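# Results of the structural survey
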Amino acid sequence: MAGLVVLNTRIGLLTATLLLGVAGGLVGCSSTAVIAPESSTTAGELPYWQAGELATLDQGQHHPAVNALLQQAEQARQAGEWPKTMSYLDQARQIQPRNAAIFYRQGWVSVQMNQPAAAEQLLRRGLLFSHDEGLSRRIQWLLVDVLQQQGKQAEATQLRSRLEAERS
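Conventions used here
- Residues numbered from 1 in each chain as written.
- Predicted model: local features only at pLDDT ≥ 70, side-chain atom pairs only at ≥ 80, totals over all residues.
- Heavy atoms only, no water.
- Axes fitted to C-alpha atoms, helices over the stretch in contact; angles between N-to-C directions.
- Helix = DSSP H or I, 4+ residues; strand = E, 2+ residues; numbered from the N terminus.
- Parallel < 35°, antiparallel > 145°, perpendicular 65-115°, else oblique.
- Left-handed = near helix turned anticlockwise from the far one by under 90°.
- Contact = heavy atoms within 4.5 Å.
- Nonpolar A, V, L, I, M, F, W, Y, C, P; charged D, E, K, R; others polar.
- Buried < 20%, exposed > 50% of the residue type's maximum accessible area, 1.4 Å probe, protein only.
- Lys, Arg positive; Asp, Glu negative; His and termini not counted.
- Salt bridge = Lys/Arg side-chain N within 4 Å of Asp/Glu carboxyl O.
- Polar contact = N/O pair within 3.5 Å; in protein donor to acceptor, adjacent residues only side chain to side chain.

## Section: the packing of helix α5 (residues 100–112) against helix α6 (residues 116–129)
Two elements in contact, α5 and α6, have axes whose closest approach is 8 Å; the angle formed by their N-to-C orientations is 165°. As judged from the angle between their axes, α5 and α6 are roughly antiparallel. α5 and α6 meet at a crossing whose hand is left-handed. Residues Ala100, Phe103, Tyr104, Gln106, Gly107, Ser110 and Val111 of α5 touch α6, and the partners they reach there are Ala118, Ala119, Leu122, Leu123, Arg125, Gly126 and Phe129. Class assignment for the residues of the contact of α5 with α6 results in nine nonpolar, four polar and one charged.

Set out below in structure tokens:
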């Protein structure tokens, strides 16, 4: 009987130790991304990206899993595999659901997939979460293009005028 009590105590201590280790590891996974400011962008530079830019667009700090997914998205983008690119970006957004740069990327990919309505929704959501002036401008310039593609000329013209006035 005493041997059984010692065995139960050891199992209980081992279980508690394992749970603390797992909990400690999960605490490191819940860090918030810090996005560094971007350089300003003009309408002529959008919506095209240079090779490698999908993964380093905002040059910010991301969760390690998001970094890996952005790299995979960039590889898929280079191969022209738009659905696969969007899938990786969807996974990244599940990890960081308020990351405006991910919404921007998804909006851009939606444009490449000829889905301007989806792109508009993603870009508008990205604007809600963007705290960076440069990223917000990039999102808005792409939004101008998306609005034009959908025949929303008045809204596109109004947004373009406001962006050009802010640039002056």
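## Looking at the side chain of aspartate 132
Tracing the backbone shows aspartate 132 in the loop between α6 and α7 (133–149). Buried and without a salt bridge, aspartate 132 has arginine 137 as its closest oppositely charged side chain, separated by 7.0 Å. Of note is the side chain of aspartate 132, whose polar atom sits 2.8 Å from the backbone nitrogen of leucine 135.

## What to know about the pattern of salt bridges
Counted under the stated rule, the structure contains seven salt bridges. Notably, a salt bridge pairs glutamate 120 with arginine 124, separated by 3.0 Å at the nearest N-O pair. Of this pair, glutamate 120 and arginine 124 both sit in helix α6, separated by four residues, roughly a single helical turn. Under the relative-accessibility criterion, glutamate 120 is labelled buried at 10%. Taking relative accessible area as the criterion, arginine 124 reaches 33% and is therefore assigned partly exposed.

The values reported here are purely geometric and, on their own, carry no functional implication.
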